[in-house]
Amino acid sequence: MTLENFISILVLSAAITSLGIEIIKDLLDRFHAAYNSSVLAAVASFIIGSLEMIAYYIMNHLEITAITLLYCVCMGIANMVSAAVGYDKVRELITAFLTKNR
């Protein structure tokens, strides 16, 4: 696994995670279920990132070993961090800097 492959899968994970979380939130809202959006985003993004790495290994006919499972966990954590620092958080930060009392 090269760094380029890891970054490419991470970018793909971020796009799929964003769409997946919105779909899950919509379904939960339709059933009037209570949920914490931060926890939902963290769990869903970890699962999606890990599953994408496993799919990468299966499609490339690579062996799943302890090292590749470690890569799966790393991808899950990286995707979880990117989901936690999403558009809303970045927008809040920019707004906070622009509206700061001087």
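Heads up: these notes are all about the structure in this document.

The rules behind these values
- Residues numbered from 1 in each chain as written.
- Predicted model: local features only at pLDDT ≥ 70, side-chain atom pairs only at ≥ 80, totals over all residues.
- Heavy atoms only, no water.
- Helix = DSSP H or I, 4+ residues; strand = E, 2+ residues; numbered from the N terminus.
- Rg over C-alpha atoms; globule rule 2.2 N^0.38 Å.
- Buried < 20%, exposed > 50% of the residue type's maximum accessible area, 1.4 Å probe, protein only.
- Patch = residues over 30% accessible without salt bridge, like charges linked within 9 Å, V, L, I, M, F, W, Y side chains within 5 Å.
- Areas by Shrake-Rupley, 256 points an atom, 1.4 Å probe, with all protein chains shown as cover.
- Salt bridge = Lys/Arg side-chain N within 4 Å of Asp/Glu carboxyl O.
- Expected span 1.5 Å × (residues − 1).
- Contact = heavy atoms within 4.5 Å.

1. Remarks on the overall build of the protein
For the protein, the helix and strand inventory stands at 4 helices and 0 strands. For the protein, the α and β elements follow one another from N to C terminus as α-α-α-α. The C-alpha radius of gyration computed for the protein amounts to 16 Å, which surpasses the reference 13 Å derived for 102 residues by more than 25%, pointing to a less compact arrangement than a globule. The principal-axis extents of the C-alpha atoms in the protein amount to approximately 55 × 40 × 20 Å. Among the 102 residues that make up the protein, the fraction classed as buried is 23%.

2. Examining the environment of alanine 55
By secondary structure assignment, the location of alanine 55 is in helix α2 (residues 37–59). With relative accessibility at 33%, the residue alanine 55 sits in the partly exposed group. Measuring from C-alpha to C-alpha, the distance between alanine 55 and leucine 69 comes to 12 Å, with 14 residues separating the pair along the chain.

3. Some points on a nonpolar patch on the surface
A contiguous nonpolar patch, built from Val39, Val43, Ile47 and Leu51 and spanning about 350 Å² of accessible area, is present on the exposed surface. When you line up the elements, valine 43 lands in helix α2. The partly exposed category is assigned to valine 43, whose relative accessible area is 45%.

4. A closer look at the pattern of salt bridges
Applying the stated criterion to the full structure yields 1 salt bridge. The salt bridge involving aspartate 26 is made with arginine 30; its shortest N-O contact spans 3.3 Å. Here aspartate 26 and its partner arginine 30 are both found in helix α1 (residues 3–30), 4 residues apart, which amounts to about one turn of the helix. For arginine 30, a relative accessible area of 59% corresponds to the exposed category.

5. Side note on α1
Two residues of an α-helix separated by three or four positions point the same way, owing to the 3.6 residues in each turn. Here α1 spans 40 Å end to end across 28 residues, near enough to the 40 Å set by a 1.5 Å rise per residue. At its buried positions, α1 is contacted by α2 and α3 (66–84). Trailing α1 by a residue or two, histidine 32 shows a phi angle of about 55°, which is positive.

6. Quick word on unusual backbone geometry
One non-glycine residue, histidine 32, lies in positive phi territory at about 55°. With respect to the secondary-structure elements, histidine 32 resides in the loop between α1 and α2. Within the chain, histidine 61 stands out as a residue other than glycine whose phi angle is a positive 55°. Of note, histidine 61 is situated in the loop between α2 and α3.

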